[in-house]
Amino acid sequence: MTLYIKNYSSYIDDGLDIKKELKQRYKIDTRRQDRFIHLAVYGAALLKQKCEISANDELYLTSGVGNIDIVQKTNTYMFEESEALKLFDFINLLGNTTSYYVAKTLGITGKNIFQISDNFTYINTLLSIYSSLRESKKDAIICTIDLISNPEQSIKRVLGVDEETKVVSSVNYQKLSLKKEGAIASIEFDIQSYSLDKLKEKIDMQKAFFSPRCSIKKDTDFFETIASYEVNRAIKERRDMVFVDCFEDRYKIIKSKNEKLY
Amino acid sequence: MKSYINSYELLCDAGDVKALMDAIYAKESAITVDKTYIEDATAGLGIMQYEDIYTLLKEVVSKVLKESNLEDFHNTLLILGSSVGGMQECEEIFYAQKSYENIDPNRYSMNALTDYLEKEFGFYDSRAISTACTSSANAFVLAKRLIEAGAYENILVVGADGLCKSTVLGFYALSVLSGDKCRPFDKNRDGMNVAEAVAAILIQNQKKENSIELKGVGASSDAYHMTNPNPDASGAISSMQDALKDANLNPSDVEYINAHGTATIANDRVEAKAVEEIFGIDAFVSSTKAITGHTLGAAGAVEAIVSCEAIKRSLIPPQANLTELENKNINVPLEPVKMRVKNVMSNSFAFGGNNTSLIFGECI
């Protein structure tokens, strides 16, 4: 299965005050939203300034664990501090609230899905998009987002990584299409998963990039949707890439090809 | 490649599939008018008695596996739709201990229920959809597309949501919660009933005896307002028309619409307008949420089963709790209608203008 990337945006947490940036630089109303929504909308604003978005584009938000912060916040209000549930905290609890703000920012009125899986998150969503675009003949926007909650221990426990693993927040977007025309890169993937031995037969292990979850190489800080970040980085650095994601003893492969090189 | 519904089961406040259908046709609401959940107010709630939602999930999914032609789910994709995932258990522990210390973070994320089922049954792949009240309906959309693409042969769609303080109090804060049993499409309706349920449906690319076909899916997002649908009904109309187009059917081919019908002022007015515009009085329409309450992320799956049962039984569900119909240009039956039901549309709509329509039909 192949999807073509028309454009992309990436942000990995570097200490930027995103709320302030959204208000001052992008003139976006940030009221009633939380950190998770701000991060998603910031990535959307970065993408919007780079490419044209059609109102009919399909929108897919995906995350390894979703918005853990807001669950902790609402419970603390209701039970620890005996405060009433705040209306917008309740609304922000729901997955498609983030999708709503992203759709608003991008001007999208097409299909809008919030999908979570704590394993093969990016590949799973690419598969959803590929199967949908075959029928709809539209383009799609994918937003992959992971926010580190406070304290970090919570998210590490949810992700199933050890205390020493460095985790980081990140948001990545790609405009995807089944059509090659105007593409800057392509990504190849499928549902097949491999054992480590089979994987070694399939790819050059020395040249491949691995999710830090795989415990094979740990070049970068971890977040569940890191595959999308690495694809964007490969496009930016004008190179092809083989990326391996893993969960327990299963491995899946994504191949990204920089179309501008060929 | 076509998608066939080959086995299913559910548990909700009215009971299992048989008990629910009996309640629907008898117009016996399973809603409880609760005086304890909210301080100084009554709330119509769909409450179940069970140990924990994980046990409930295992029970329902085990039944579907037993009724299927599969020995296990090792070659099956799991797509679970839920609005709040494992929040119920997290709330209970936090409420009792006023601390997060003893909460397993793996059991409060949106995909906690998916994780549990994946480990329990060994699914090949899994994912969770969380789009509030369209969550499990969107799981059907995805399932149909994945089967068409030849990616999977077997997909288990699960809709699951347990009753949580956060959701009940959240809808109360939004002033859309009825203090009584809800009255979909009634002129004097005063809001919805939050409820809980677990429903599981096995979708396969192979037709079996008694299969129902998932013929069409449509989804749209009108992004009009965070909690209200566009009053011109364009979002609902778009998803319904997309589903008809996907099924290659005309409105006259659909005999029954299982409405989203939450009994909120905004939803029912807009949904009735959309049904009026597309179907007029040619199709029967009713909301079975008058019996079950609104099971949130599970609603799409629960109502998919109701839709399949209406086809199999050749019996259209009547509207319960209806005294005076608000929109008289739609066809809402007050009693069960015995007739051949070839195609049923099931609507699910959610916050953020997220709209999903599914069409189930008899296999020819």
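Reference entry: report on the structure contained in this document.

Rules used throughout
- Residues numbered from 1 in each chain as written.
- Chains lettered and ligands numbered in written order.
- Predicted model: local features only at pLDDT ≥ 70, side-chain atom pairs only at ≥ 80, totals over all residues.
- Helix = DSSP H or I, 4+ residues; strand = E, 2+ residues; numbered from the N terminus.
- Rg over C-alpha atoms; globule rule 2.2 N^0.38 Å.
- Buried ≥ 20, exposed ≤ 12 C-beta atoms within 10 Å, placed from the backbone.
- Contact = placed C-beta atoms within 7 Å.
- Core = buried A, V, L, I, M, F, W, Y, C linked by C-beta atoms within 7 Å.
- Axes fitted to C-alpha atoms, helices over the stretch in contact; angles between N-to-C directions.
- Parallel < 35°, antiparallel > 145°, perpendicular 65-115°, else oblique.
- Left-handed = near helix turned anticlockwise from the far one by under 90°.
- Nonpolar A, V, L, I, M, F, W, Y, C, P; charged D, E, K, R; others polar.
- Pairing = 2+ DSSP bridges.
- Expected span 1.5 Å × (residues − 1).

Helix and strand content of chain A: nine helices and nine strands. Rg of the C-alpha trace for chain A: 18 Å, near the compact-globule value of 18 Å for 262 residues, within the 12% margin. When its C-alpha atoms are laid out on the principal axes, chain A stretches across 60 × 40 × 30 Å. Counting only residues that meet the buried cut, chain A has 55% of its 262 residues in that class. Taking all contacts inside chain A whose residues are at least 6 apart in sequence as the whole, residues at least 24 apart take part in 76%.

Moving on: the environment of B:Val17. All names here are of chain B. With respect to the helices, strands and loops of the structure, Val-17 is situated in helix α1 (residues 17-26). In this structure, the C-alpha to C-alpha distance between Val-17 and Val-217, residues 200 residues apart in sequence, is 23 Å. Ignoring any residue separated from it by four or fewer positions in sequence, one finds Val-17 in contact with Glu-9, Leu-10, Ile-305 and Glu-309.

It is worth spelling out the environment of A:Lys48 at this point. All names here are of chain A. Mapped onto the elements, Lys-48 comes out in helix α2 (residues 35-48). Considered as a pair, Lys-48 and Ser-9 are 39 residues apart in the sequence and their alpha carbons are 8.9 Å apart. Setting aside its immediate chain neighbours within four residues, Lys-48 contacts Ile-53, Thr-105 and Leu-106.

What follows covers the nonpolar core. Generally speaking, soluble globular proteins have nonpolar side chains that are buried together. Counting 204 residues, the largest nonpolar core has A:Ala40, B:Leu10, B:Val157, B:Ile201 and B:Ile305 as the members making the most contacts within it. Residues in contact with B:Leu10, not counting those within four places in the same chain, are B:Asp16, B:Val17, B:Leu20, B:Val60, B:Ala197, B:Val198, B:Ala199, B:Val302 and B:Ile305.

For the rest of this paragraph, the subject is the packing of α2(A) against helix α5 (residues 95-106) of chain A. Residue and element names in this part refer to chain A. For the pair α2 and α5, the least separation of the axes is 9 Å and the interaxial angle reads 25°. In terms of axis orientation, α2 runs roughly parallel to α5. The way α2 lies across α5 gives a crossing that is right-handed. Along its contact with α2, which presents Phe-36, Ile-37, Ala-40, Val-41, Ala-44, Ala-45 and Lys-48, the element α5 presents Thr-97, Thr-98, Tyr-101, Val-102, Thr-105 and Leu-106.

Now for the interface of chain B and chain A. Contact residues are listed per partner, giving 48 residues for chain B and 46 residues for chain A. Those elements giving two or more residues to the side of chain B that touches chain A turn out to be α3 (87-97), β5 (125-129), α5 (135-148), α6 (165-173) and β9 (212-221) of chain B. Grouping the amino acids of the side of chain B that touches chain A by side-chain chemistry returns 24 nonpolar, 15 polar and nine charged. Relative to β5(B), strand β3 (residues 112-116) of chain A is paired through two bridges, and the arrangement is antiparallel. Counterpart to A:Gln115 in the pairing with β5(B) is B:Ile129.

Strand pairing in a sheet relies on backbone hydrogen bonds, with the paired strands running either antiparallel or parallel. Residue and element names in this part refer to chain B. Taking strand neighbours across the sheet as the criterion, the three strands line up as β2-β3-β7 in an open arrangement whose pairing is mixed. Looking at strand neighbours, the two that pair on one side only are β2 (32-38) and β7 (194-195), the edges of this open sheet. As paired elements, strand β3 (residues 41-46) and β7 share two bridges and run parallel to each other. Bridge pairing in β7 places Gly-46 opposite Ala-195.

With that settled, consider the environment of A:Glu21. All names here are of chain A. Its place among the elements puts Glu-21 in helix α1 (residues 18-24). You can call Glu-21 partly exposed: it has 16 C-beta atoms within 10 Å. C-alpha of Glu-21 to C-alpha of His-38: the two residues are 17 residues apart in sequence and 9.8 Å apart in space. Not counting residues up to four positions away in its chain, the partners in contact with Glu-21 are Leu-16 and Tyr-42.

Before going further, it helps to examine unusual backbone geometry. For A:Arg32, which is not glycine, the phi torsion reads 70° and is therefore positive. Its location among the elements puts A:Arg32 in the loop between α1 and α2. The class for A:Arg32 is partly exposed, based on 15 C-beta atoms found within 10 Å. A positive phi angle, close to 65°, is found at B:Asp40, a residue other than glycine.

Residues and elements named next belong to chain A. With eight of eight residues buried, strand β5 (residues 170-177) lies mostly within the body of the structure. Residues Ser-170, Asn-172, Gln-174 and Leu-176 of β5 are buried on one face, and the alternating residues Val-171, Tyr-173, Lys-175 and Ser-177, pointing to the opposite face, are buried as well. Relative to β5, strand β1 (residues 2-12) runs antiparallel, the two sharing eight bridges. Following the sheet pairing, Ser-10 is matched in β5 by Asn-172.

Let's shift gears to the packing of helix α7 (residues 234-247) of chain B against helix α8 (residues 265-279) of chain B. All names here are of chain B. With their axes 9 Å apart at the nearest point, α7 and α8 run at an angle of 45° to one another. Between α7 and α8, the angle falls in the class oblique. Considering the relative orientation of α7 and α8, their crossing is right-handed. Facing Ala-236, Ile-237, Met-240 and Gln-241 of α7, the residues of α8 in contact are Val-270, Glu-271, Ala-274, Glu-277 and Ile-278. In the contact of α7 with α8, the residues fall into six nonpolar, one polar and two charged.

A separate point is α2(A). Residue and element names in this part refer to chain A. Counted at 1.5 Å a residue, the expected span for α2 with its 14 residues is 20 Å, and the 20 Å between its end C-alpha atoms agrees. Counting buried positions along α2 yields 11 of 14 residues, so the element is predominantly enclosed. Looking only at α2, the buried set comprises Phe-36, Ile-37, His-38, Leu-39, Ala-40, Val-41, Tyr-42, Gly-43, Ala-44, Ala-45 and Leu-47.

Any link to function would need more than the numbers given here.
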